[in-house]
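So you can see what is in the structure, the chains are spelled out below.
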Amino acid sequence: MKIIVLKIGTTSITKGTNKGINYSVINQLACETDILRQAGYKVLIVSSGAMGLGINRIGRENLESKLNSQDTSVVRSYKQAITSVGQVELMKTYENIFKYYDVNVGQVLIAHKGLHDKDRDATIKNTLEKMFEIDIIPIVNANDTVSSAELEYGDNDSLAARLATLLGAKSLIILSDVKGLYDKDPHKYPDAQLIKTVNKIDEKILDLAGESSSGSGMGGMYSKILAAQMCMNAGVKVEILCADHIKKISEIVKDPAYDLERTSFSN
Ligand code: GLU
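All values reported here derive from a predicted model rather than from experimental measurement. (Residues numbered from 1 in each chain as written. Predicted model: local features only at pLDDT ≥ 70, side-chain atom pairs only at ≥ 80, totals over all residues. Heavy atoms only, no water.)

So, the site of the ligand
Surrounding the ligand, one finds 9 residues, the nearest of these being Ala50, Met51, Asn141, Asp144 and Asn156. Within the side chain of Asn141, a nitrogen or oxygen atom sits 2.8 Å from an oxygen atom of the ligand. Notes on the ligand: free accessible area 300 Å², of which the protein chains cover 97%. Of the residues assigned to the shell around the ligand, the class counts are 3 nonpolar, 4 polar and 2 charged. (Near = heavy atom within 4 Å. Polar contact = N/O pair within 3.5 Å; in protein donor to acceptor, adjacent residues only side chain to side chain. Areas by Shrake-Rupley, 256 points an atom, 1.4 Å probe, with all protein chains shown as cover. Nonpolar A, V, L, I, M, F, W, Y, C, P; charged D, E, K, R; others polar.)

Considerations on the environment of Lys7
Secondary-structure assignment places Lys7 in strand β1 (residues 2-8). By relative accessible area, Lys7 is classed as buried at 6%. The spatial distance from the C-alpha of Lys7 to the C-alpha of Ser47 is 6.0 Å, given a sequence separation of 40 residues. Ignoring any residue separated from it by four or fewer positions in sequence, one finds Lys7 in contact with Val46, Ser48, Asn156, Asp157, Ala160, Leu172, Ile173, Ile174, Leu175 and Lys224. (Helix = DSSP H or I, 4+ residues; strand = E, 2+ residues; numbered from the N terminus. Buried < 20%, exposed > 50% of the residue type's maximum accessible area, 1.4 Å probe, protein only. Contact = heavy atoms within 4.5 Å.)

Thoughts on the side chain of Ser12
By the element assignment, Ser12 lies in helix α1 (residues 10-13). Relative accessible area serves as the criterion here: at 9%, Ser12 is assigned to the buried category.

Some words on the sheet that holds strand β8 (residues 263-265)
Pairing in this open sheet of 8 strands is mixed, and the strands run β3-β4-β2-β1-β5-β7-β8-β6 from one edge to the other. Each edge of the open sheet carries a strand with a single partner, namely β3 (104-110) and β6 (197-198). Bridging between strand β5 (residues 171-176) and strand β7 (residues 237-242) involves 6 bridges; their strand directions are parallel. Looking across to β7, one finds that Ile174 is bridged to Ile240. (Pairing = 2+ DSSP bridges.)

Have a look at this one:
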């Protein structure tokens, strides 16, 4: 199976921090997924957004005091409760939009911990492969509602990398709010230069990624580089590109030499 894992973060699928869904982005994602599917690829999407969309739906003003509590375990429980609302909205949107392309989506919520356990790994792999066989696009998120670790420490970049390696994917494509890895933080320095290819992740690359962060997502560039490192160790190619170029996903999968500003990671 030629498997492509696409990871999209909160910043890319919403119209801003704690704002609603950006329908046009999901529509383009559906269109690209369909093009790849018709070209014989199996696509898995790791999508964040449960938290941001939940806050937007319930209303930040109604949550302010709860999310500002001094007791971190109370805040965590509220966050978990909020993701239950956001996750529904997220899946409802994927379902409604992908339906226009005659594509079935299925929700897969994974506790990060599960991926360290051999039996659960095997179960996850089998289920995902069966979904591919019967032409279902898995839409994966961390199981935020019941596993607090994801909201506190984990992130979907590493979940996507774990799945890409578990499935032996051809590549992992991470959509970001920047074009890729820069030689300095592009949010702070307008003269930052994009690094187009990375063949080895060393301390220097990790240091470059260390500084950056992004709006409403939890990932930032550092977790993306760690994800790339995990994939490279397993021979999975990684592309980090700006979500503004979402319409080019199928082009770069079909032609790795396709001319598009991004950072490509491979050994
Ligand atoms: N699972 C979280 C959510 O859906 C996002 C985690 C992340 O941004 O990496 O809100």
